[in-house]
Amino acid sequence: MVNPFVTKGNRAGRRLAIRFAIADLIHDRLLTVVGIVLLAALIAPPVVLHTLRVGLVETWAQDLAKDIRNREVVIIGENRITENDLREIGGWSETGFVVPEPSFFVSTQRVRKSDSRGVAVDLNLRTTAQSDPVMAGVTDAALGPFQIILSDRAAERLDVVAGDNLTVLLARTPSDATPVREPVALTVVAILPQQRWAGTDGFVSPQTLLGFREWLTFASDDPTAVPVIDEAVWQSLRIYAPTVSGATALRDKLEQFGLETRLMTDQVDRILKLETGLRQVFSIVLFLSATAFVITAFLLQWLSVVRKKRDFALMSVIGMTPADLAVFPSFQGGVMTAIACLISVVLVFALQGPVETVVQGYLVTPSDVQSPAALPFVMGFLAAIALGAFAGIAAVTTLRPEVLSIALRGD
Amino acid sequence: MTPVLCIKALRIMAGEEPDAAFQLDVPALALDPGDCIAVTGPSGCGKSTFLEVLGLLRRPASVDTFLVRAQSSSDMLDLGVSDDCSHLRQGLIGYVPQMGGVLPFLTARAQIEASLHLAGVAGSKDAAARLARLADALDLAQHLGKRRSELSGGQRKRVALLVGLSVPRRLLIADEPTAGLDEQNAGRVMDALVTVAKEESTAVVIATHDVDAATRAGFSIATIESGILSAASASAEHRKHG
């Protein structure tokens, strides 16, 4: 049977409980501060670690991922790569771009700006072809014979700009004669920016280098003749994966193919491993912090309720219902947790400056430091506040009527 | 006249049978409006526990009839069937604990206002005038702005009583309201209780060891002896004194 005169609390009781809770937080300010600091000490570590992970590692990783050179798999040593091999390798899904390269003795040549007494530079001549990711945005067309694209550093050393001519000073020594020199003119069609290519290199078409090789190996007397490329055998490749994360798979594939390789992406690999490691550390810290937070939130509220059970008894005496009483610690738990979350956010903002400084120092191209998405933080904070409030409700359920009446007897 | 409180065959036990620390039986108790009863008996006989049951802070072990007259009508509320009646202390029933009674984080005035707020009478001129009158009667007018830590033991005791008295009620229960007070303040407290009983038809139940003071003030005496509260003549006794 339910007594129709008995109702369960009212809004006045809830409002009063909130007023009391605020007054008590201020009155017991030292304990309030201790509680908030304790909660903040548990909430802040995963928040700060997540911000650092995103700010430092993800920004680095994205910066390195943007750098095309990190997609390259470097072929070590001299190999024998036929046109058939080249077609097969080019057909792999792991291959983003591939262009054949001749032997080192062909690709390293002394070069000078034409019509000048400028300094001669030992230039590393690399090959390029259409769709070369290194050339993206610099030149989209395939290079013709005797055209060259220079790296910024090479252009600076040779003192040339796009449109200037270079002279390649080819030299071969017959076994029974003095060295023969053969100048070959190349036209500079573009300069690669420093961010795109850091070395002192020039890029020419495979045919150009093949022509040089024919002349250097006495297979031809005219280094400017364009040889038939279909039956050529190459010693190396310049090869790129479609993405940075695909570089490892391409390396494995090339090694299965019998080529010894080295990853330009080692740094990215390390960063990605670091990120994975930090993600695991973050998960562990999050788990430990969350567990400690739950225990601490419940203990704090339970201790608070035990310490203040006489106050709860007095609130009950003036007519506050159990539901009203539950508002008191749950409001306090929620407010203390909210302030602890706020402290964590302030810490994150305080970290923005130092993180920005550190990260920018490592970036190849200056870019905005990654900030963690706000939504997971908001969700996490709301969950923590709800848990803090629930801890208060759970704690107040220990106040059975007999506990309150006993509490009233003690001063 | 409709009684304020009607109890029959009420049993209070501390602990479980057969090892109960004590057992108190109240065969019958009826309080009319304006009745003043002082419950006496040796320490540990169950006076405070009985008052806690009347104040709805503790459930009796068993009861046949436990009726309280509603605040705004002559309807009787059956308290024997309700698990939680704490909201009835907002207005209908007032309870003043033996010790303390003042929240540490509020001033005396704020706690009284909270009590008025819960009773739904905050802000009214009548309530303010009544409060001022009671504060004067208890010599507390100068102390309402103080917190518990700033009040003496006697002042705390009177503030707690003032909180209980601040709302007009059907039934007011005070556990040893004069314990620890000097004679003058004890007299003020007893006068205030009797005045409220007479002027507002509030039934007042106190626990006390000072039978003489209670009798002088006009309280009927109900004694707990051998675990039984004998209060059959309480109402008649009071009317005789009155």
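Residues numbered from 1 in each chain as written. Chains lettered and ligands numbered in written order. Predicted model: local features only at pLDDT ≥ 70, side-chain atom pairs only at ≥ 80, totals over all residues. Heavy atoms only, no water.

*Asks:* Would you mind going over the interface of chain B and chain A with me for this structure?
*Replies:* In many reports, interface size means the accessible area that the parts give up when they come together. Chain B puts 34 residues into the contact, and the matching count from chain A is 32 residues. Together chain B and chain A conceal approximately 3200 Å² of surface at their shared face, both sides included; 60% is due to carbon and sulfur atoms. Here chain B is connected to chain A by zero salt bridges. On the surface where chain B and chain A come into contact, there are four residue pairs in polar contact (both at pLDDT 80 or more). Within the residue set of the side of chain B that touches chain A, elements represented by two or more residues are helix H1 (47–54), strand S5 (76–78), helix H2 (108–119) and helix H4 (153–165) of chain B. (Contact = heavy atoms within 4.5 Å. Buried area = accessible area lost by both parts, 1.4 Å probe. Salt bridge = Lys/Arg side-chain N within 4 Å of Asp/Glu carboxyl O. Polar contact = N/O pair within 3.5 Å; in protein donor to acceptor, adjacent residues only side chain to side chain. Helix = DSSP H or I, 4+ residues; strand = E, 2+ residues; numbered from the N terminus.)

*Asks:* I tried to follow unusual backbone geometry on my own but got confused; where do I start?
*Replies:* Most peptide bonds take the trans form, and the phi angle of most residues other than glycine is negative. For Asp159 of chain A, which is not a glycine, the phi torsion comes out positive at approximately 60°. With respect to the helices and strands, Asp159 of chain A occurs in the loop between helix H5 (152–158) and strand S7 (165–172). You will see that Leu56 of chain B, though not glycine, has its phi angle at about 65°, which is positive. Secondary-structure assignment places Leu56 of chain B in the loop between H1 and strand S4 (65–69). Given a relative accessible area of 15%, Leu56 of chain B falls into the buried group. (Buried < 20%, exposed > 50% of the residue type's maximum accessible area, 1.4 Å probe, protein only.)

*Asks:* When you look at the domain arrangement of chain A in this model, what are you seeing that I'm missing?
*Replies:* Domain annotation of chain A identifies domain 1 (10–64 + 271–409) and domain 2 (68–265). Between the C-alpha centres of domain 1 of chain A and domain 2 of chain A there is a distance of 60 Å. (Domains from an automatic or database assignment.)

*Asks:* Got a minute to help me understand the pairing of strand S6 (residues 147–151) of chain A in this structure?
*Replies:* Two faces, one strand: in a regular strand the side chains alternate between the faces of the sheet. Residue and element names in this part refer to chain A. Summarising burial for S6: four of the five residues are buried, a large majority. The sheet contact formed by S6 and strand S8 (residues 180–192) spans five bridges and is parallel. Bridge pairing in S8 places Gln147 opposite Thr187. (Pairing = 2+ DSSP bridges.)

*Asks:* Before we go on, may I ask you to explain the sheet that holds strand S1 (residues 72–75) of chain A in this structure?
*Replies:* All names here are of chain A. Read across the sheet, four strands follow the order S3-S11-S1-S12 without closing on themselves; strand pairing throughout is antiparallel. Edge positions in the sheet fall to strand S3 (97–101) and strand S12 (261–263), since each of these pairs with one other strand and no more. For this sheet, the mean inter-axis angle between neighbouring strands, taken without regard to orientation, is 20°. Relative to strand S11 (residues 236–240), S1 runs antiparallel, the two sharing three bridges. Along S11, the bridge assignment pairs Glu72 with Tyr240. Of the strands in this sheet, S3 and S11 touch helix H3 (residues 83–91), which is tilted by about 160° from S3. Each of S1, S11 and S12 touches helix H7 (residues 247–257); the most contacted strand, S12, lies at about 175° to it. (Axes fitted to C-alpha atoms, helices over the stretch in contact; angles between N-to-C directions.)

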